[in-house]
Structure formats: C-alpha cells, structure tokens
Amino acid sequence: MGKDVIIACDFESAEKTYEFLDKFTDKKPFVKIGMELFYAEGPEIVRQIKKRGHKIFLDLKLHDIPNTVKKSMAVLSNLDVDICNLHASGTVNMMKSALEGLTRKDGSRPLLIAVTQLTSTDQESMEKDLLIKEKIEDVVIHYAKNAKLAGLDGVVCSPLEAGKVHENCGNDFLTVTPGVRFADGDIGDQKRVMTPAEAKKIGSDYIVVGRPITASSDPVSAYNRCVNEFVD
Ligand code: C5P
C-alpha cells in the first residue's frame, strides 16, 4: 500500500456513516472506524463498509494480556480489515501475540500498527500519572522501536514525530498520522497540526483526517483536496 488519505468516520450510527459515504461516487476512500461507531453498530458495520468497497483501518487500540489480545486479533482478522492497532505500552510480548493472532492460515494478515503515547498525554501527565520520567519524545521513539522489534508494520503518531520515527525505525516502517488541518481551516481541539502538504514533506505514509472532511459542506471536494496535497 502506498501513501493514502484515511477518513476518520467518527459518526454515531451506521445510518449517518452511509449517508456520508454515499457522497463518494467515484473513488471509495480508505476509512477509519473507531470505537464509537464500532461499539454502536458492532462488527456488521465493518462487513458492510467492506462490502461497499472501502479499505478499513479498524482503530480499536487493543491493550490486554497477550493471550486475550491474540484471540481478539484473530477475530478482527476474520473481518478482513486492512489495518488494526494496539497500544505499544502493552509490551513487546503483547505485540508479538497480537501478530500471531492476526496472521491467517494462509500467512496473510492486516497491517498492524501501534499507538505510542496518545497525543492527549503530555510530559506532565506521563510523569505524574504513569511515573514515566523520560522525555516524551524519547518514550515515543522507544515504543516505536519496540513495535518494530515485535514485527509490527508501523505506528500511529503525530505528523511532527513521523520524521524521527523513520530515522530510527527505517523508511519502510509506516507512520500513520492524525492531527491534519488545511492551512485555512479550523484546528478545533487538535493542538499540534500540520497541513496535508507538510505531512507529505515530513514523510507520513498515511494521514488520518476527520472533521476537515466530515464537517465540510462539500466533503468530496475536501477529500480531493487532501489527496491532491498529500498523494499526487
Ligand atoms: O477530526 P479530526 O481530524 O481531528 O480526527 C482525527 C482522528 O484521529 C480522530 O478519529 C481521532 O480520534 C484520531 N486520533 C487523533 N490523535 C491521536 C490518535 C487518534 O486525533 N493521537
């Protein structure tokens, strides 16, 4: 898979999601299904969106004991999604087990990427709540290296970290980056943002874009603008 724009389908119901996806009559965009939609509609939403011809990043961020994660990943793998994820803080062992669970009998599997530190975690909360005293940038890179060691395909990270992740883990190690905004757009609750063109320059492999597309009065044009800036 090459560079692509992934639309974060943060909708509360299947109905709202289909209404949105129906607007895309030419190209079927790569979509991200997160916890809200998955918990509301269950695995059927994944099957239906797949049937409509979309690639799917199932963003459920698993984190549990290795055996439970392994078995859960096997279920997600059967759903035929393209990308799954988990928390790197679950340890290298958990990530290895996840990969085992995800791998189908024929050896194929969805891509597996790790969340390093959530962008909602800052230095202060990491030190105070998690008792991790290292610099947050170092923690992110350490987790990325762990993910690579476990055999994963990449990480979810801020576009500002994508360059450093590639420097440390190689250019083939995928960086999937949310926090993308148009130069003339609202940044909303995202703090550290980049435009699609900047994310391309810094070497992101996939950008995850939600509200700049989903809340736009013309989502198809907003999506095409992202693709033009990031991919073409
Ligand atoms: O609407 P917006 O473009 O901010 O959506 C970004 C998407 O990426 C949301 O689904 C959000 O949950 C997700 N995300 C994020 N920051 C992270 C990880 C995921 O914004 N660190």
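Residues numbered from 1 in each chain as written. Predicted model: local features only at pLDDT ≥ 70, side-chain atom pairs only at ≥ 80, totals over all residues. Heavy atoms only, no water.

This brings us to the sheet that holds strand S2 (residues 30–34). Pairing is parallel in the closed barrel, where eight strands are placed in the order S1-S2-S3-S4-S5-S6-S7-S8. Across this sheet, the average inter-strand angle for adjacent strands is 25°, counted without regard to direction. The pairing of S2 with strand S3 (residues 56–62) spans four bridges and is classified as parallel. The partner of Ile-33 across the bridge, within S3, is Leu-58. Packed onto the sheet, helix H3 (residues 44–51) meets S2 and S3 and runs at close to 160° relative to S3. (Pairing = 2+ DSSP bridges. Helix = DSSP H or I, 4+ residues; strand = E, 2+ residues; numbered from the N terminus. Axes fitted to C-alpha atoms, helices over the stretch in contact; angles between N-to-C directions. Contact = heavy atoms within 4.5 Å.)

With that out of the way, let us pick up the packing of helix H5 (residues 92–102) against helix H7 (residues 136–149). Running from amino to carboxyl end, H5 crosses H7 at an angle of 40°, the nearest separation of the two axes being 9 Å. By the angle class used here, H5 and H7 are oblique. The chirality of how H5 crosses H7 is right-handed. In this structure, H5 contributes Val-92, Met-95 and Lys-96 to the contact, and H7 contributes Asn-146, Ala-147 and Leu-149. Taken together, the residues that form the contact of H5 with H7 break down as four nonpolar, one polar and one charged. (Parallel < 35°, antiparallel > 145°, perpendicular 65-115°, else oblique. Left-handed = near helix turned anticlockwise from the far one by under 90°. Nonpolar A, V, L, I, M, F, W, Y, C, P; charged D, E, K, R; others polar.)

Moving on, we get to the packing of aromatic side chains. Scanning the model with the defined rule gives five aromatic pairs in all. Relative to Tyr-206, the ring of Phe-30 has its centre 5.8 Å away and its plane inclined at 70°; by these criteria the two rings are edge-to-face. In this pair, Phe-30 is assigned in strand S2 and Tyr-206 in strand S8 (residues 206–209), connecting sequence segments 176 residues apart. Assigned by exposure class, Phe-30 and Tyr-206 land together as buried. Taken together, Phe-11, Phe-20, Phe-24 and Tyr-223 form an aromatic cluster joined through their ring pairs. (Phe/Tyr/Trp six-rings, centres within 6.5 Å; stacked < 30°, edge-to-face > 60°. Buried < 20%, exposed > 50% of the residue type's maximum accessible area, 1.4 Å probe, protein only.)

Surrounding the ligand, one finds Ala-8, Asp-10, Lys-32, Thr-119, Pro-178, Arg-181, Gln-190, Val-208, Val-209, Gly-210, Arg-211 and Pro-212. Taking Gly-210, its main chain carries an N or O atom lying 2.8 Å from an oxygen atom of the ligand. Notes on the ligand: free accessible area 470 Å², of which the protein chains cover 82%. Elements with a minimum of two residues in the shell around the ligand: S8 and helix H10 (211–214). (Near = heavy atom within 4 Å. Polar contact = N/O pair within 3.5 Å; in protein donor to acceptor, adjacent residues only side chain to side chain. Areas by Shrake-Rupley, 256 points an atom, 1.4 Å probe, with all protein chains shown as cover.)

Phi is positive for Asp-80, close to 65°, though the residue is something other than glycine. For Thr-91, which is not a glycine, the phi torsion comes out positive at approximately 90°. In this structure, Thr-91 sits in the loop between strand S4 (83–87) and H5.

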